[in-house]
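Coordinate inspection notes
Chain by chain, the residues run as shown.
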Protein chains: 2
Amino acid sequence: MKDIAMEIPTYEDMLAAHERIKPHIRRTPILTSDYLNELSGAQLFFKCENLQEPGAFKVRGASNAVFGLDDEQAKKGVATHSSGNHALCLSYAAGRRGIPCNVVMPRTAPQAKKDAVRRYGGTITECEPSTSSREETFAKVQAATGGEFVHPYNDPRVIAGQGTCSKEMMEQTDGLDMVVAPIGGGGMISGTCLTLSTLAPEVQIIAAEPEQADDAYRSFKAGHIIADDAPETIADGLKVPLKDLTWHFVSNHVSDIMTASEEEIIDAMKITWKYLRIVMEPSCAVPLAIILKNKDRFAGKRVGVVVTGGNVDLDKLPWTLK
Amino acid sequence: MKDIAMEIPTYEDMLAAHERIKPHIRRTPILTSDYLNELSGAQLFFKCENLQEPGAFKVRGASNAVFGLDDEQAKKGVATHSSGNHALCLSYAAGRRGIPCNVVMPRTAPQAKKDAVRRYGGTITECEPSTSSREETFAKVQAATGGEFVHPYNDPRVIAGQGTCSKEMMEQTDGLDMVVAPIGGGGMISGTCLTLSTLAPEVQIIAAEPEQADDAYRSFKAGHIIADDAPETIADGLKVPLKDLTWHFVSNHVSDIMTASEEEIIDAMKITWKYLRIVMEPSCAVPLAIILKNKDRFAGKRVGVVVTGGNVDLDKLPWTLK
């Protein structure tokens, strides 16, 4: 039986991660909008991780894993399965270190994502879009390459890396009352919990989730992990379930999980594009969606909002598909 | 006869403008993209004026004009004619000072622009979309209100305000070889000339213009102002002609004017949205378009690019209309 306690990353791991990854990531800006403040009644501080070079916060955890490998393991590279930003970001980080990165992706993954993985030097092995095919394919790839498995979120190195984002947020603002971040597998939220529970335990951590993929919300209420099979939501980065490590942080440190409908998410996304003038994914709009539908909860507060990624298909924007 | 020499703003006017407007504008971030650097062969520094609260650099000149008024004139407010960002930004600045702003706009102006003017507290008087109707309507409005006329670009207070943008660029980078900005009436380019000709005369200033509205290019080659009547281009902020004050700066300090086709502009716009992950207007894409089509000219150089504005209709993105 796996001993979870041994794997839980510490505040010192996060500090070490920040030193390790600083040359490889951006200290992304925090943007504000007087109009969105007026609309919400809160003071919103948007931490723009969409402005990372590969377009997502996941470059933090991926870089921490890649640059933490010893030279011997590094020669064999890294391996993962992901159809999303983790695949891009791990390929990007491995490319910067000049080591192999093998990614198992469903053949149905968006072409733009596949192109980006290859542009960064990653090698793709396609599988069928099912859990069994993915696991079988991944086992073969890992056996053949010896690449170090870096899970998209349930990995202490990844969580410690993601935790550097809220450290920067606290440095870049004069204090916050709350941080709101989207929740899928829970990597960003866990990193936020890791950092703030030591650095600023007074800050409330709120997770934002699509109604149509509300497994984390139901897990939080039930007190144990509930994993859905294949939820469908426009916020495609948030379909994956919690795992033991991320559940540890969510169950111990998150103040609340709140949900938004597909329409509320699309509206919040469009409002952010229009008034903050950034390109961001539907997943990143879930925090603003829950803030706007629960104004009483956030009114008068200083609220940090994590904008998690900006890799969208510009030919298929959700409001043009309505 | 008007004495132009008396009206030419000085470097000291620009410095005074910066002090005056600092509380009312953002020191916008400079964003970079390794991918766009690789694609162009240059080192590009994007000064993101689209991230100003009202979404355009024009808030600089408008704020300088509004906050430079004496109290007596301020009571009567300001007035202008514009269908674009100057109207929004003058309304925004006047709103911050709490003074009236009267704007004459063609009835055919985009609804989103009209809504924004009203949201900031401006009063719109509609005219027909013709020069004669605009002039007649504006004369009536100004006679009735006594509002101080603030021209969108041919105004020394406006040019001095726009000049603060390149001052910030020089402070935010470790030196530049060139600055590229779009040219319409020439307000931003003139401000850039005003500032850099004193602060960093070694920096080349390149103006970027749509082929389909290349009156500044032809003026530059001919040595005198050529004004077209009604050019048509996707870069709708760049349809207006040079005037005496902006011609002074363009003819004395601009190194070159280069043009791009509609397709090149749309491609550069989409590339910037995708890799820089910002929402910006077609006008702002003209600089990248000319850089990508004249790579030899920019290779190995440190190039500042002014991203002038981000007020676009998200329902009508040009690549979805192709």
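Residues numbered from 1 in each chain as written. Chains lettered and ligands numbered in written order. Predicted model: local features only at pLDDT ≥ 70, side-chain atom pairs only at ≥ 80, totals over all residues. Heavy atoms only, no water.

Moving on, we get to the overall build of chain A. Along chain A, the regular secondary structure elements total 16 helices and ten strands. The C-alpha radius of gyration computed for chain A amounts to 18 Å, which stays within 12% of the reference 20 Å derived for 322 residues, consistent with globular compactness. The principal-axis extents of the C-alpha atoms in chain A amount to approximately 55 × 45 × 40 Å. Considering chain A as a whole, with its 322 residues, one finds that 59% of them fall into the buried category. Sequence-distant contacts in chain A: of pairs separated by 6 or more residues, those separated by 24 or more amount to 73%. As displayed, chain A has an accessible area near 12,200 Å², and 48% of this comes from carbon and sulfur atoms. In chain A, 35 positive and 42 negative side-chain charges are present, and the distance between their average locations comes to 4 Å. (Helix = DSSP H or I, 4+ residues; strand = E, 2+ residues; numbered from the N terminus. Rg over C-alpha atoms; globule rule 2.2 N^0.38 Å. Buried < 20%, exposed > 50% of the residue type's maximum accessible area, 1.4 Å probe, protein only. Contact = heavy atoms within 4.5 Å. Areas by Shrake-Rupley, 256 points an atom, 1.4 Å probe, with all protein chains shown as cover. Lys, Arg positive; Asp, Glu negative; His and termini not counted. Charge placed at Lys NZ, Arg CZ, Asp CG, Glu CD.)

What follows is about the domain arrangement of chain A. Residue and element names in this part refer to chain A. Looking at chain A, the domain boundaries give domain 1 (4-56 + 155-321) and domain 2 (59-149). Contacts between domain 1 and domain 2 engage 26 residues on the former and 18 residues on the latter. For the pair domain 1 and domain 2, the two sides together bury roughly 1,800 Å², of which 52% comes from carbon and sulfur. In terms of surface lost to domain 2, no three residues of domain 1 exceed H24, P54 and R157, which account for 39% of the buried area on that side. Among the ionic pairs, R60 bridges to E168, the shortest N-O distance being 2.9 Å. Put simply, domain 1 and domain 2 have 13 residue pairs in polar contact (both at pLDDT 80 or more) between them. Residue assignment for the side of domain 1 that touches domain 2 shows that the elements contributing at least two residues are α2 (11-21) and α9 (156-172). It is α9 that contributes the most residues to the side of domain 1 that touches domain 2, eight residues altogether. (Domains from an automatic or database assignment. Buried area = accessible area lost by both parts, 1.4 Å probe. Salt bridge = Lys/Arg side-chain N within 4 Å of Asp/Glu carboxyl O. Polar contact = N/O pair within 3.5 Å; in protein donor to acceptor, adjacent residues only side chain to side chain.)

Turning our attention to the UniProt feature "domain: Tryptophan synthase beta chain-like PALP" (unreviewed entry) in chain A. The feature "domain: Tryptophan synthase beta chain-like PALP" (unreviewed entry), as annotated in UniProt, sits at residues 21-309 of chain A in this numbering. Structurally, residues 21-309 of chain A is divided into 47% helix and 17% strand, and its ends, taken at the C-alpha atoms, are 18 Å apart. (UniProt positions renumbered as here; feature names shortened; annotations may be inferred.)

What follows covers the nonpolar core. Core analysis: the largest hydrophobic core is formed by 82 residues, its most contacted members being W273, F298 and V303 of chain A together with F46, W273, F298 and V303 of chain B. Excluding residues that lie within four positions of it along the chain, V303 of chain A makes contacts with A42, Q43, L44, F45, L176, M178, V180, I291 and F298 of chain A. Core analysis: the next-biggest nonpolar cluster, separate from the first, contains 33 residues, M169, V179, V203 and F249 of chain A among them. (Core = buried A, V, L, I, M, F, W, Y, C linked by side-chain atoms within 4.5 Å.)

The subject of this paragraph is the pattern of salt bridges. Oppositely charged side chains are able to pair whenever their charged atoms sit close together. Considering all chains together, one arrives at 38 salt bridges over all chains under this definition. The salt bridge partner of D214 of chain B is R218 of chain B, with a shortest N-O separation of 2.9 Å. One salt-bridge network, held together by shared partners, links K47, E49, R60 and E168 of chain A.

All names here are of chain A. Pairing is parallel across the open sheet formed by four strands, whose spatial order is β5-β4-β3-β6. Edge strands, defined here as strands with exactly one partner in the open sheet, are β5 (123-127) and β6 (148-149). Pairing geometry for strand β3 (residues 78-81) and β6, over two bridges, is parallel. Counterpart to V78 in the pairing with β6 is E148. Packed on one face of the sheet, helix α7 (residues 111-119) meets β4 (101-106) and β5 and runs near 170° to β4. (Pairing = 2+ DSSP bridges. Axes fitted to C-alpha atoms, helices over the stretch in contact; angles between N-to-C directions.)

Before going further, it helps to spend a moment on the pairing of β4 of chain A. All names here are of chain A. Burial analysis of β4 places six of its six residues in the buried class, which makes it a mostly covered element. The alternating pattern of β4 places C101, V103 and M105 and N102, V104 and P106 on opposite faces, both of which are buried. Examined bridge by bridge, β3 and β4 share four bridges and lie parallel to one another. Counterpart to T80 in the pairing with β4 is V103. One crossover worth recording links β4 to the parallel β5 by way of α7, and it is right-handed. (Right-handed = clockwise from strand over helix to strand, strands pointing away.)

We now examine the relation of the copies chain A and chain B. At an RMSD of 0.0 Å, chain A and chain B line up after a rotation of 180° and a shift of 0.0 Å along the axis. What the superposition gives is, in effect, a two-fold axis relating one chain to the other. Every residue of chain A has its C-alpha some distance from the rotation axis, and the shortest such distance is that of I278 of chain A, at 2.1 Å. (Least-squares fit on C-alpha atoms with pLDDT ≥ 70 in both.)

So, on to the pairing of strand β5 (residues 123-127) of chain B. Here five bridges tie strand β4 (residues 101-106) of chain B to β5 of chain B, and the two strands are oriented parallel to one another. Counterpart to V103 of chain B in the pairing with β5 of chain B is I124 of chain B.

All names here are of chain A. Taken in spatial order, the six strands line up as β1-β2-β10-β7-β8-β9 in an open sheet, and their pairing is mixed. Edge strands, defined here as strands with exactly one partner in the open sheet, are β1 (30-31) and β9 (256-260). Of the strands in this sheet, β8 (204-210) and β9 are in contact with helix α11 (residues 215-222), which crosses β9 at around 145°. Across the face of the sheet, helix α14 (residues 285-293) comes into contact with β2 (43-48), β7 (178-182), β8, β9 and β10 (302-307) while running at roughly 90° to β9.

In this complex, chain A contributes 30 residues to the contact, which on the side of chain B involves 30 residues. The contact between chain A and chain B buries some 2,400 Å² in all, and 50% of this surface belongs to carbon and sulfur atoms. The largest per-residue losses of area from chain A upon contact with chain B belong to E53, R277 and L314 of chain A, which jointly make up 29% of the total buried on that side. Counting across the chain A and chain B interface gives two salt bridges. D315 of chain B is paired through a salt bridge with K270 of chain A; the nearest N and O atoms lie 2.8 Å apart. For the pair chain A and chain B, the interface holds 20 residue pairs in polar contact (both at pLDDT 80 or more). Among the secondary structure elements, those contributing two or more residues to the side of chain A that touches chain B are α3 (34-40), α6 (85-97) and α13 (262-275) of chain A. Sort the elements by how many residues they give to the side of chain A that touches chain B and α13 of chain A lands first, with four residues.

This brings us to the packing of helix α13 (residues 262-275) of chain B against helix α14 (residues 286-293) of chain B. Residue and element names in this part refer to chain B. Put simply, α13 and α14 touch, their axes get as near as 8 Å, and they point 105° apart. One way to sum up the angle between α13 and α14 is to call them roughly perpendicular. Packed against α13, whose contacting residues are E264, I265, A268, I271 and T272, the element α14 presents V286, L288, A289, L292 and K293 at the interface. Across the contact of α13 with α14, the residue classes break down as seven nonpolar, one polar and two charged. (Parallel < 35°, antiparallel > 145°, perpendicular 65-115°, else oblique. Nonpolar A, V, L, I, M, F, W, Y, C, P; charged D, E, K, R; others polar.)

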